[in-house]
Each structure stands twice: as C-alpha cells, then as structure tokens.
Amino acid sequence: MEKISIYGFTKEELINWFIEHGEKKFRATQVWEWLYIQRVRSFSEMTNLSKQLITVLEENFIINPLKQVIIQESQDGTVKYLFELPDKNMIETVLMRQEYGLSVCVTTQVGCNIGCTFCASGLLTKQRDLTAGEIVAQIMEVQHYFDERQEDERVSHVVVMGIGEPFDNYDNLMGFLHVINDAKGLAIGARHITVSTSGLVPKINEFAENGLQVNLAISLHAPNNEVRTSIMRINRSFPIEKLMAAVDNYIEKTNRRITFEYIMLKEVNDRPEHAQQLADLLKNKKKLTYVNLIPYNPVSEHDQYSRSSKADVLKFYDVLKKNGINCVIRREHGTDIDAACGQLRSKQIKKEKKATAK
Ligand code: SAH
Ligand code: SF4
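Residues numbered from 1 in each chain as written. Chains lettered and ligands numbered in written order. Predicted model: local features only at pLDDT ≥ 70, side-chain atom pairs only at ≥ 80, totals over all residues. Heavy atoms only, no water.

Within an unreviewed UniProt entry, the label attached to the protein reads Probable dual-specificity RNA methyltransferase RlmN, and the organism entered is Candidatus Enterococcus clewellii. UniProt annotates the protein under Subcellular location (unreviewed entry) with the comment "Cytoplasm". (UniProt positions renumbered as here; feature names shortened; annotations may be inferred.)

1. Comments concerning the site of ligand 2
The immediate surroundings of ligand 2 are formed by C112, I114, G115, C116, F118, C119, S121, G122, G164 and S198. Here the residues of the shell around ligand 2 are counted per class, giving five nonpolar, five polar and no charged. (Near = heavy atom within 4 Å. Nonpolar A, V, L, I, M, F, W, Y, C, P; charged D, E, K, R; others polar.)

2. A short note on the UniProt feature "binding site: [4Fe-4S] cluster" (unreviewed entry) in the protein
Within the UniProt annotation, "binding site: [4Fe-4S] cluster" (unreviewed entry) is assigned to C112, C116 and C119. With respect to the helices and strands, the residue C112 is situated in the loop between β7 (109-110) and β8 (128-129). Residues in contact with C112, not counting those within four places in the same chain, are S121, G122, L124, T125, K126, G164 and E165. Mapped onto the elements of the fold, C116 is located in the loop between β7 and β8. (Helix = DSSP H or I, 4+ residues; strand = E, 2+ residues; numbered from the N terminus. Contact = heavy atoms within 4.5 Å.)

3. Focus: the site of ligand 1
Surveying the vicinity of ligand 1 reveals 18 residues, the closest of which are G164, S196, S219, H221 and N297. One of the side-chain nitrogen or oxygen atoms of E165 is found 3.3 Å away from a nitrogen atom of ligand 1. N297 places a main-chain nitrogen or oxygen 2.9 Å from a nitrogen atom of ligand 1. Along the lines of polarity and charge, the residues of the shell around ligand 1 split into eight nonpolar, eight polar and two charged. (Polar contact = N/O pair within 3.5 Å; in protein donor to acceptor, adjacent residues only side chain to side chain.)

4. Examining the domain arrangement of the protein
Here the domain parsing of the protein yields domain 1 (4-62) and domain 2 (67-357). The C-alpha-based centres of domain 1 and domain 2 are spaced at 32 Å. Residue-level contacts link 13 residues of domain 1 with 18 residues of domain 2. A buried area of about 1,300 Å², summed over both sides, lies between domain 1 and domain 2, and 59% of it is on carbon and sulfur atoms. The largest share of the area that domain 1 buries against domain 2 comes from Y7, R39 and R41, three residues that together contribute 48% of it. The interface formed by domain 1 and domain 2 includes four salt bridges. Note that D182 is salt-bridged to K11, the shortest N-O span being 3.2 Å. A total of four residues in the side of domain 1 that touches domain 2 trace back to one element, the largest contributor, which is helix α2 (residues 25-38). When its residues are assigned to classes, the side of domain 1 that touches domain 2 shows seven nonpolar, three polar and three charged. (Domains from an automatic or database assignment. Buried area = accessible area lost by both parts, 1.4 Å probe. Salt bridge = Lys/Arg side-chain N within 4 Å of Asp/Glu carboxyl O.)

Put into structure tokens, the structure is as follows:
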C-alpha cells in the first residue's frame, strides 16, 4: 500500500491516530512541532522520539510527497515551482513577494473539470483531486526553500487559486485550511488566506457555515448570464441569480467581504455597459464586496481572447468607481515566467509529448 503524507493530517486527526496506535497524545504534538515549527524533512531528525516510534512513523507515512521538477525565479521575485506527484502527475505552485509578505498560490486538483474557455488549467480534464497532504506540501516546499537559504522569511499569505476548482475538492481543501491555520504550527491567519471558486453554489453555502474566517473570492468574469455562459459553462448550472443568492447568504451568515474576480477580456466583457451591469449587480452589497480587475494572461490554446487595452480597463474602473463599487486593478506577477495558473505545467507536458513523439 502506498504511504500517505503526514501533512494531510490535522492536529486532531494526528492525535487520534497516535491514540489509536497506543501512543501518548503529547507525542503527536511533538511530531506536529517538528513538522511545522522546526520544519524537519525526515522522521529521523525528530530527536526527542524513540527509535521505535520513528520506525512506526516511517512505516506508515511519508512526509513530503512532492518532487521538484522546475523552479523558475522571475525578475520581480516571483518563484514558480513545478512539482511531480507520486503518480507522476504534475502540478504547479507560485510564490509572490508582496509588500505585506510572502504569498503562495496553491493547486488543488490535477486539471480542472469546470472548463472555462480562457483558462490553461481547464485544458486538461481533472485527473484526480489532490490530497490534503499534497496541498499542504506545496506550502512546506516553499517554506523549506526559504529555510534552506536561511532567509528568515515566513509564508504569511495563501491564495487557493492554482490549478483546479477548490470547492470540487471540498473536504481536502478544508483539511488543508485547518493544517495551515493551526496556531501552534504554520499559524497562517485565516484572514490571510483566500479561496477562489468559479461559483459552485452549494459549496459556497457550506463554506458560509465553516466557522473559519477565511476570505472568499468568486470568479465572476461577466456581468450577465449570456456573456458568463459563453466563457464559463458552470454558469449553466449556477447562473448569476443563484450565485448572487449564495453571495447574499454568505454575507448574511459571516458578515465578511467577498471579492469578485473579473478578467478583462478584450471586446468580450470589457465594455462600459458591462461595467454598468456589474455595478447594478452589486449595488445592494457595496459595503461587503470588492471587485478585482485582472489582466488576462494570454493562453496560446485560447487565442480567441486577448487582453483589454489599458484605456478600456481604466474606463471600466471609472464606471465602477462612479457607482461607488470598491475596485482595484490587479498588479501582475511573474509574467516573464508563465505565472498564470496552469501555464508552466501545460508547457512542460507539451515539451514531454514532443520528446516522446520524436
Ligand atoms: N478554479 C478556481 C480557482 C483557480 S483559478 C476559480 O476559477 O476561481 C484562479 C483565478 O485565475 C480565477 O479567477 C481564474 O478565473 C483566473 N484565471 C484563469 N485563467 C486565467 C488567465 N489566463 N489569465 C488571468 N486569470 C486567469
Ligand atoms: Fe477551473 Fe478555475 Fe480554470 Fe475555470 S478558471 S477552468 S474553474 S481553474
């Protein structure tokens, strides 16, 4: 049987595992601290455990399930990692240096079934969900990258915006959030974590009840059903009215702000009338919503789309502002290294296919 990554256990689950295996509860806490405070990479470095316990752990778990394939560092400090999973599938993770700290973008699935027409991740249908351990391991790999350089920097922010639809892998996502949020571990504050969804309404409702103070972002990308359905087929199952009802419910239950992501696609969704429709859609929730206008990262397979002009973005922004909508134009990171989700991976897969075809 393949061993699973110990990173996939929440502290509570680890304690239960120890108790079930006849070990003391405090041993689980010690292991937890080795993993997330000292951040060792092997069980044999956990020097306050008995040899016998180390053997039991080694027999049952691995620590890190990821193998580094490529690391690319951009001029602006963005680092992109391509990892291989035990089953040889590949995923990517991005580290961004922000004024407020180090932010990591994690992947939640191999591929994505939502199939948005502008996205590189959707080019490959979902092969499988990542385990909670494989999602946590992405954060640990980045943290180890800094630990090894003895740079006293900590991953302080996490965005769940890599490959995949996090709400289509809900339980593993929740496990991951609990691990990284643990106050006596990585202690990444819930308010510093953002989960982005394409709009799986039942899961937005479930997320509203979870009790964690994690931020929610919704990939809206269009102000009406016609345009949204043409770029995001999920809009057929969960059209804008249903999505907005879930948003209202989320705001009512949590009193937390929601971010709407809006990729600016030339002549698709970037006209002033689209901005006005968007403003109208959000007008009764101005206080607790926020629009992020995102520059489109061109994907060669989706050449029907191109980036909106700066002038059009500014016009769009002005309409939203005039209507009192909170709005920012997102800065780009690492465009010189294919930092948009799924791009590095899809390039690598293409390269490998070419190599095998030769
Ligand atoms: N599946 C989730 C999270 C991953 S995608 C979701 O869709 O929200 C994270 C964000 O990147 C989404 O807002 C998505 O629409 C956006 N995105 C996808 N492809 C992009 C591209 N080529 N350029 C810019 N943003 C892109
Ligand atoms: Fe999947 Fe998100 Fe890409 Fe849509 S934008 S295909 S939901 S990863």
